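The residues making up each chain are set out below.
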Amino acid sequence: MNKLAAAFSSAALGLAATSAMALPTAHDRVYTADQNSNTVSVFNPADNTLVGQIRLGNPRPDVLSPLYKGQINVHGMGFSPDHKTLVVISNGSNSVTFIDTATNAVKGIAYVGRSPHEGFFTADGKEVWVVVRGEDYISVIDPRTFKEKRRIKTAVGPGMVQFMPDGKLAFSVASFTPQVDVIDVRSHKVIRKIDVVSPFSPFLQFTPDHKELWMTHKDVGKVTRIDTHTLKVTGVIDTGFITNHLSFATVDGKVLAYVTVGGENVVKVYTTDAEARLVATIPTGALPHGIWTSDDSSRVYVGLENGDGVEVIDPAQNKVVAHIAGGQAPQALVFLSNVVKDGDGRQNLAPLANAEPMNIRLKPVTAGDARGFVVSRNLGVVDALEVSLFKLKPQTNYNVYLSGQAAPVASFVTDAKGMSNGTAIGPIRNLAAPGAAAAPSRLIVMEGAAPADESKAALISDM
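One structure accompanies this document, and this report is about it. (Residues numbered from 1 in each chain as written. Predicted model: local features only at pLDDT ≥ 70, side-chain atom pairs only at ≥ 80, totals over all residues. Heavy atoms only, no water.)

**Describing the pairing of strand E30 (residues 371-378)**
So, step 1. With respect to burial, E30 is a largely interior element, six of its eight residues being buried.
So, step 2. Here five bridges tie strand E29 (residues 358-362) to E30, and the two strands are oriented antiparallel to one another. Bridge assignment links leucine 362 to a residue of E30, and that residue is glycine 372.
So, step 3. Pairing of E30 with strand E31 (residues 383-390) involves eight bridges; the strand directions are antiparallel. Within E31, the position partnered with arginine 377 by the bridge is alanine 384.
So, step 4. Counting the residues that bridge the hairpin from E30 to E31 gives four residues, and of these glycine 380 lies at a positive phi of roughly 115 degrees. (Buried < 20%, exposed > 50% of the residue type's maximum accessible area, 1.4 Å probe, protein only. Helix = DSSP H or I, 4+ residues; strand = E, 2+ residues; numbered from the N terminus. Pairing = 2+ DSSP bridges.)

Okay, here's the thing in structure tokens:
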């Protein structure tokens, strides 16, 4: 009898533990800002399905007409404290789109300065602050009138701004200046400047207790920690090539940090102790970018910039448990709880239109640190090729060839760091003649005007 009672007791404890970690429901939603398809993809986290898309513009490259009126480069994302409004930033059309989360309808659009990046509501929900990364200020918008009220002068290239819950301070990281601006929300003025390790910081997030700010440095693969009371840097973590965004989850009573490392196709998990420790590395799809945790920490959602979809991580197991196809090149991602009050939440949504992308890794022919990748998205008889090159010779021209073709499909010039990226249109899925064996195609990256030669290539990849 004692053994039987113990068995029932253990089962009850297991049930209680499961119930305490309640999974997201059909009332919740996950959103991604899809830069290439110019959509917002809307996901149901209860069954890990795509509900539909909010189409804010045409997919690339159909955005070049002088009469085009849609949004371009849907990129950033924020939300109101009551979860009733989603704000979506399109950096190519300098716009801030306000979306009703209950109906998926566009409520209004504000236009700001050159190349905005991210936007967020103040803690009281009365203002929306949008960082204008192509300039040097934050645009303060009234969410009722969708009009700019004022501007806050910042470091050059503000990348993101977030607010302390008491509404007194805001922190703004920069994309061109190695500095964090601390802003007094009431006066709309910078009151402190904190020096950091790198000039390229696209994302910040607070720990759940708001005692620390963690910010990513995409260019050098690091994360900086800042004490929000002393306003001092408390640590720098080497995270990896193309460190994008981060989020936090509480697992077994401990707060862990989840960092997307795009160049390694992983999410790295760190403790938040005084000395952060790497405790897990979770393989993901191509180029993980945006990341957000469900309110109860039962799931972590990751947008795949080159995988055109979302992957779902169970933080209790530190592994991907689901993959959901979505829009092209998702950037920012957010999780919002309890936004669908009635019905299935499909109002004003369109079905997914894009196909799965093809991802191609580039590697050096000889020893070296050069690397790159190409994402091919089919447009019918041709493909849109997004080429990213790293650690080549600085300020040098490189041509990209498809094996067997004399003319390059793309040409790029590296910057001072030996990097380059851009989009080109070219044939990549060659059709073999009927009955003929298809030879495997390769992408070949050649320096200067040299013709394609696999043995002398700077980078090459199997297809």
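**Structural notes on the sheet that holds strand E7 (residues 105-111)**
So, step 1. Taken in spatial order, the four strands line up as E4-E5-E6-E7 in an open sheet, and their pairing is antiparallel. Looking at which strands have only one partner, the edges of the open sheet turn out to be strand E4 (74-79) and E7. Ignoring which end each strand starts from, the neighbouring axes of this sheet average 25 degrees apart.
So, step 2. Looking at chain direction, strand E6 (residues 95-100) and E7 are connected through six bridges and run antiparallel. The residue bridging serine 95 from the neighbouring strand is tyrosine 111, located in E7. (Axes fitted to C-alpha atoms, helices over the stretch in contact; angles between N-to-C directions.)

**Let's talk about a nonpolar patch on the surface**
So, step 1. A cluster of nonpolar residues, Val197, Val220, Val233 and Val236, forms a patch on the protein surface that exposes about 290 Å² of accessible area.
So, step 2. Looking at the secondary structure, you find valine 233 in strand E19 (residues 232-238). (Patch = residues over 30% accessible without salt bridge, like charges linked within 9 Å, V, L, I, M, F, W, Y side chains within 5 Å. Areas by Shrake-Rupley, 256 points an atom, 1.4 Å probe, with all protein chains shown as cover. Salt bridge = Lys/Arg side-chain N within 4 Å of Asp/Glu carboxyl O.)

**Let's talk about the sheet that holds strand E26 (residues 309-314)**
So, step 1. Reading across from one edge, E24-E25-E26-E27 is the order of the four strands in this open sheet, with antiparallel pairing throughout. Taken across any chain shown, the strands that pair with only one partner, and hence form the sheet edges, are strand E24 (288-293) and strand E27 (319-325). Within this sheet the neighbouring strands show an average axis-to-axis angle of 25 degrees, counted without direction.
So, step 2. Here E26 runs beside E27; their pairing, made up of six bridges, is antiparallel.

**Focus: the side chain of serine 247**
So, step 1. Note on placement: serine 247 falls in strand E20 (residues 243-251).
So, step 2. A relative accessible area of 5% means that serine 247 is categorised as buried.
So, step 3. In this structure the side chain of serine 247 is engaged in a polar contact, spanning 2.8 Å, whose partner is the side chain of threonine 293.
So, step 4. Those residues within four positions of serine 247 in sequence are excluded, and the remaining contacts are Leu256, Ala257, Tyr258, Ile291, Trp292 and Thr293. (Polar contact = N/O pair within 3.5 Å; in protein donor to acceptor, adjacent residues only side chain to side chain. Contact = heavy atoms within 4.5 Å.)

**Focus on the nonpolar core**
So, step 1. One finds Tyr31, Val40, Met77, Leu86 and Trp129 to be the most contacted residues of the largest nonpolar core, which totals 65 residues.
So, step 2. Sorting elements by how many residues they give to this core places strand E28 (residues 330-336) first, with five residues.
So, step 3. In this view, valine 40 contacts Tyr31, Thr32, Asp34, Gly52, Gln53, Ile54, Leu56, Val74, Met77, Leu86, Val88 and Ile99; residues no more than four positions away in its chain are not counted.
So, step 4. Judged by nonpolar contacts, the second largest core, of 18 residues, contains Leu362, Leu389, Val400 and Val445. (Core = buried A, V, L, I, M, F, W, Y, C linked by side-chain atoms within 4.5 Å.)

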